Amino acid sequence: MNTQTALKTSVCILGAGPAGILLGNILLQNGIDCVIIDKYSREEIYARGRAGAIESTTINLLKKHGLADTIFQNGYAHDRCEFRSPYYSIMLEYGKLSGGDVHYFYPQSDLNDDFIQKYLDAGGKILFGYEGKKIVQTDDDITVECSEQDSNITITIQADFVAGCDGYHGIARQSIPEKAVDIYHKQYPYSWLAILAYVPPAAKHTIYALHPDGFAAYMLRNSKVSRYYLQIPLDDDINNWSDERIWTTLQKRLALKEWTLKEGEIFEKRMMSLRSYVMEPLRYKRLLMAGDAAHIITPMGGKGLNMAVQDAGVLAETLINYYQEEQDISYLDRYSEIRLPYIWRAQEFSYGMLNMIHLPESEDPSDMRFRYKLSESKLAQLNTSGTFARDFARNYVGII
Ligand SMILES: Cc1cc2nc3c(=O)[nH]c(=O)nc-3n(C[C@H](O)[C@H](O)[C@H](O)COP(=O)(O)OP(=O)(O)OC[C@H]3O[C@@H](n4cnc5c(N)ncnc54)[C@H](O)[C@@H]3O)c2cc1C
């Protein structure tokens, strides 16, 4: 039997990832009724290992809302990162260069789960295991039809607004007519192999390597787990990458005199296609888009989670003002106007950093050698140009 229920709320939030759950917390703190739905269970959401670098701008936003405590308790502060090529190593002291700002390394899954707990403790409503299937808009309201995974229970949520925080593959993005927004999209000509392994830290800072065979990176996750990335051909097959080949390649690309890359059990490896995407504007009638649903930023520079959280902060503030000051719906355009310049700055930073430390893909070996030397020259300027180093450090530690 098909069971149907109807719910009414002010803001229906699609997705309990960082954008959705932060938005829910701030709305709740300000007395605005909301319901969050996510197609996965809390445990399944927790199991997704993703980002780890939380930038200073995000920390300041979370502090303002009293939500940064667990990051300070359990995260690691970072103020430097290293760039390597086979010929030199540059330590970028971005904390000092930026005037004292730092990153905190704290796994996204833990941060997200902390936010879920805080939202539930504050009496927030969240429906785990419910998938949004359809969004219908009228002039006066917006409705989300959702159904419980693996059952016949369907729920219709009627709201003033829907926040589309359901990621790139969610239904919010798909429910917007093509002609209603401008879409900017770029597919990069290579992929990344993302690896998680049980290896204690080889260094406390992140290491990025530019190598004639391609990019590689090392990142600390916690005292037992390390993350690594390798640039691989766009259409490579993950089955080509045995554990042995991964370690040999990492050893080669990250090599530095008197530094040893530790090895250990690889427990996750996956291919990531690299793309950039932005939707403009971030509002379609009563649907407001945030996080990966509205923009994808390559993982280079660690901006995706941070932009998602910062979107949620501005969206919450805009909705709070809308309700408290009884504004007209066009007031909500402010959200797009405020966020898009930051989103584009993050895109531009990530794009520039990607080009600086990746082997360019080209059919012509002579073109590739030439462009590799240009990348080396750019990288070296982190050491030789104070202006470039300061500007890079400022954007790396937090777009402001
Ligand atoms: C390997 C990897 C490493 C990364 N590293 C970094 C990093 O170091 N720093 C950084 O800043 N960013 C990083 N990112 C990017 C970052 O993880 C994302 O930008 C961030 O998760 C975006 O948050 P979000 O809330 O917008 O979307 P998501 O985290 O994708 O959350 C969307 C939620 O919506 C739910 N959902 C989807 N469809 C529906 C539906 N139809 N109905 C109901 N619910 C639905 C999903 O279950 C999910 O919980 C990384 C990403 C990956 C994959």
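Since the model is a prediction, treat every value here as computed from it, not as a measurement.

Conventions we followed
Residues numbered from 1 in each chain as written. Predicted model: local features only at pLDDT ≥ 70, side-chain atom pairs only at ≥ 80, totals over all residues. Domains from an automatic or database assignment. Contact = placed C-beta atoms within 7 Å. Nonpolar A, V, L, I, M, F, W, Y, C, P; charged D, E, K, R; others polar. Pairing = 2+ DSSP bridges. Helix = DSSP H or I, 4+ residues; strand = E, 2+ residues; numbered from the N terminus. Buried ≥ 20, exposed ≤ 12 C-beta atoms within 10 Å, placed from the backbone. Axes fitted to C-alpha atoms, helices over the stretch in contact; angles between N-to-C directions. Left-handed = near helix turned anticlockwise from the far one by under 90°. Near = placed C-beta within 6 Å. Expected span 1.5 Å × (residues − 1). Core = buried A, V, L, I, M, F, W, Y, C linked by C-beta atoms within 7 Å.

A word on the domain arrangement of the protein
A common way to report how large an interface is uses the accessible area buried once the components associate. Each assigned domain of the protein is listed here: domain 1 (3–52 + 107–181 + 281–351) and domain 2 (186–274 + 362–397). Each of domain 1 and domain 2 was reduced to a C-alpha centroid, and the two centroids are 32 Å apart. Listed by partner, the interface residues are six residues for domain 1 and eight residues for domain 2. When grouped by side-chain class, the residues that make up the side of domain 1 that touches domain 2 number two nonpolar, four polar and no charged.

Some remarks on the sheet that holds strand β7 (residues 103–105)
Pairing is antiparallel in the open sheet, where three strands are placed in the order β3-β7-β4. Where the open sheet ends on each side, the last strands, each with one partner, are β3 (53–54) and β4 (76–78). Relative to β7, β3 is paired through two bridges, and the arrangement is antiparallel. Paired with Ile54 across the strands is Tyr104, a residue of β7.

Notes on the pairing of strand β15 (residues 226–233)
Side chains on a regular strand alternate between the two faces of the sheet. By the criterion of burial, β15 is predominantly enclosed, with six of the eight residues buried. Where strand β12 (residues 182–198) and β15 come together, eight bridges link them in antiparallel fashion. Counted as the bridge partner of Trp192 is Gln231 from β15. Two elements, strand β14 (residues 216–220) and β15, share five bridges in a ladder whose sense is antiparallel. Looking at β15, one finds that Leu220 is bridged to Ser226. From the end of β14 to the start of β15, which pair antiparallel, there are five residues.

Let's talk about the packing of helix α3 (residues 56–64) against helix α9 (residues 304–324)
At a closest axis distance of 9 Å, the pairing of α3 and α9 adopts a crossing angle of 35 degrees. Seen along the crossing, α3 lies across α9 with a hand that is left-handed. Only Asn306, Val309, Gln310 and Gly313 of α9 make contact with α3, whose side of the interface consists of Thr57, Thr58 and Leu61.

Quick look at the site of the ligand
The immediate surroundings of the ligand are formed by 35 residues, with Gly15, Gly17, Ala51, Gly291 and Gly304 found nearest. Elements that contribute at least two residues to the shell around the ligand include exactly α1 (18–29), β2 (34–38), β9 (130–137) and α9. For the shell around the ligand, the element with the highest residue contribution is α9, accounting for four residues. The class makeup of the residues in the shell around the ligand is 16 nonpolar, 12 polar and seven charged.

Let's talk about α9
Under the 1.5 Å per step criterion, the end-to-end length of α9 is 30 Å for 21 residues, consistent within 8% with the ideal 30 Å. Along α9, 15 of the 21 residues are buried, which leaves the element largely enclosed by surrounding structure. Of the residues flanking the end of α9, it is Glu326, one or two places downstream, whose phi is positive at about 50 degrees.

Thoughts on the environment of Asn152
The residue Asn152 is located in the loop between β10 (142–148) and β11 (153–164) in this model. A count of 10 C-beta atoms within 10 Å places Asn152 in the exposed class. Sequence separation between Asn152 and Gly15 is 137 residues, and the spatial gap between their C-alpha atoms is 20 Å.

A short note on the environment of Lys125
Turning to its location among the elements, Lys125 is positioned in strand β8 (residues 125–128). Of the residues examined, Lys125 has 16 C-beta atoms within 10 Å and is grouped as partly exposed. For the pair Lys125 and Cys34, spaced 91 residues apart in the sequence, the C-alpha separation amounts to 7.1 Å.

Some remarks on the sheet that holds β12
Backbone-to-backbone hydrogen bonds pair the strands of a sheet. The strands run either parallel or antiparallel. Here we have eight strands laid out as an open sheet, ordered β6-β5-β13-β14-β15-β12-β16-β19, and mixed in their pairing. Across the chains shown, the open sheet's two edge strands, defined by having one partner strand only, are β6 (88–92) and β19 (295–296).

Notes on the nonpolar core
Counting residues in hydrophobic clusters, the biggest one holds 108 residues, and the most contacted among them are Leu23, Val162, Ala163 and Ala290. Among the elements that take part in this core, α9 stands out by supplying nine residues, more than any other.

A word on α1
Over its 12 residues, α1 extends 17 Å from the first C-alpha to the last, a length consistent with the 16 Å expected when each residue adds 1.5 Å. For α1, the buried fraction is high: 10 of the 12 residues fall into the buried class. Turning to α1, its buried residues are Pro18, Ala19, Gly20, Ile21, Leu22, Leu23, Gly24, Asn25, Ile26 and Leu27.

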